[in-house]
Amino acid sequence: MKLNGAVFILALPFASPALAEGFLLSSPIDCDLTSDCYIQQYVDSNPSPAASDFTCSTLSYDGHKGTDFALPNRSEIARNVRVLASAAGRVKGVRDGMADVSYSDETADKVAGRECGNGVIIDHGDGWETQYCHLKNGSVVVKPGQDVWQGQELGFVGQSGKAAFPHVHLSVRKDGKTVDPFDPDGTTTCATPGDSSLWQTRPAYRAGGLIGAGFSQGVPDFDAIKAGTADAKTLSPDAPALVIWGYLFGSQPDDVVNLSITGPDGMVIADDVTLTKAQAQSFRAIGKKRRGKGWATGTYTGTVTLIRGPQILSQKTVEIDIR
Ligand SMILES: [Zn+2]
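Residues numbered from 1 in each chain as written. Predicted model: local features only at pLDDT ≥ 70, side-chain atom pairs only at ≥ 80, totals over all residues. Heavy atoms only, no water.

(A) Examining the overall build of the protein more closely. Secondary structure summary: the protein contains three helices and 20 strands in total. Burial statistics for the protein: of 323 residues in total, 46% are counted as buried. Within the protein, contacts between residues separated by at least 24 positions form 69% of all contacts whose residues are at least 6 apart in sequence. Carbon and sulfur atoms provide 52% of the accessible area of the protein, an area that totals close to 15,700 Å². (Helix = DSSP H or I, 4+ residues; strand = E, 2+ residues; numbered from the N terminus. Buried < 20%, exposed > 50% of the residue type's maximum accessible area, 1.4 Å probe, protein only. Contact = heavy atoms within 4.5 Å. Areas by Shrake-Rupley, 256 points an atom, 1.4 Å probe, with all protein chains shown as cover.)

The structure is reproduced here in structure tokens:
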């Protein structure tokens, strides 16, 4: 800073909350973020009506004040994946008893003012607070005033409140203001991604990927994919078609999805699909209609690969028996 021609160096202990107080977070979800679950949305770091995550990419939406740790589909709610306190503190508030439903414009009225759904707020002292949203109905196991340790179970991942997919939304606040745990100092820019973070172990940033893949005997409904019911376990030789699908998050224009099916008699079908727009979630499918006497019996292998530029972002391989 320059005043009256002289140069002063600012020596105040200015805002670097992570360094200043040693407040650090652990994961709020008990699953492997590289395989069993993933981060769908980050804090919106863009003050304009456009949204961007801390890397200046599209994994956010306008005004989003937290990080969404997601399960691959609604059927996974039944697995009772634990939501964990990201730091030690005292429970400030809880809510439970709201149904796990898929949020839509039609159901918006039912959750107005209670968008967090079943949730927990923890006070960590020094103005730090974390909030956990969309927990499974009936799963919250802590009470207001209770002290919790880092990693203590709070409940299970669900889809209560304003949630379009099953996930736990983690909000982090300091003196009531939203803090992005991936950019606590707000110093990240597109040109300088930076590595400051509030995480003890910072989750790797995944710029998009495959949430799931499966076989079916026709192009599935998107809702069946989101529900976890689209994936056929076996098919018969007279199935009308053999379809392989891939369920994506964070797609970008010009991404390529390669899908293929190989059966006991060799390649059944393979194709590249080029994507045209950025989408939070989407799916692509290719397939082949049955001809003549039907499908040869045996094991079929399906592979779905998401490719961005020269890089393979994500790949899943699935198998099905036709018998
Ligand atoms: Zn959220």
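Still more to cover.
(B) Inspection of the sheet that holds strand β15 (residues 241-251) at higher detail. Overall, antiparallel pairing links the three strands, which are arranged β13-β15-β18 in an open sheet. Two strands in the sheet have a free side with no partner beyond their single neighbour: β13 (209-216) and β18 (279-289). Averaged over neighbouring strand pairs, the angle between their axes works out to 15 degrees when direction is ignored. Pairing of β13 with β15 involves seven bridges; the strand directions are antiparallel. Paired with L210 across the bridge in β15 is L248. (Pairing = 2+ DSSP bridges. Axes fitted to C-alpha atoms, helices over the stretch in contact; angles between N-to-C directions.)

(C) Quick peek at the sheet that holds strand β20 (residues 311-322). As summarised here, the arrangement of the five strands in space is β14-β20-β19-β16-β17, forming an open sheet in which the pairing is mixed. Looking at which strands have only one partner, the edges of the open sheet turn out to be β14 (234-235) and β17 (266-274). As defined by bridge partners, strand β16 (residues 256-263) adjoins β17 across eight bridges and the pair is classed as antiparallel. Of the residues in β17, the one forming a bridge with L259 is D271.

(D) Here's a closer look at the pairing of strand β7 (residues 118-125). In this sheet, β7 lies alongside strand β6 (residues 89-95) in antiparallel orientation, the contact comprising five bridges. Paired with V94 across the bridge in β7 is V120.

(E) Just the state of the cysteines, in detail. One pass over the full model with this rule turns up two disulfides. There is a disulfide in this structure between C31 and C37, and the S-S distance comes to 2.0 Å. Between C31 and C37 the sulfur-sulfur dihedral comes to about 100 degrees; the bridge is accordingly right-handed. In this pair, the class of C31 matches that of C37, namely buried. Note on cysteine connectivity: C116 is disulfide-linked to C133, with sulfurs 2.1 Å apart. Between C116 and C133, the S-S torsion sits near -100 degrees, and that sign places the bridge as left-handed. A residue pair is termed long-range when its members are at least 10 positions apart, and C116 in the loop between α2 (108-111) and β7 and C133 in strand β8 (residues 128-135) qualify at 17 residues. Of the two residues examined, C116 and C133, each falls in the buried class. (Disulfide = S-S within 2.5 Å.)

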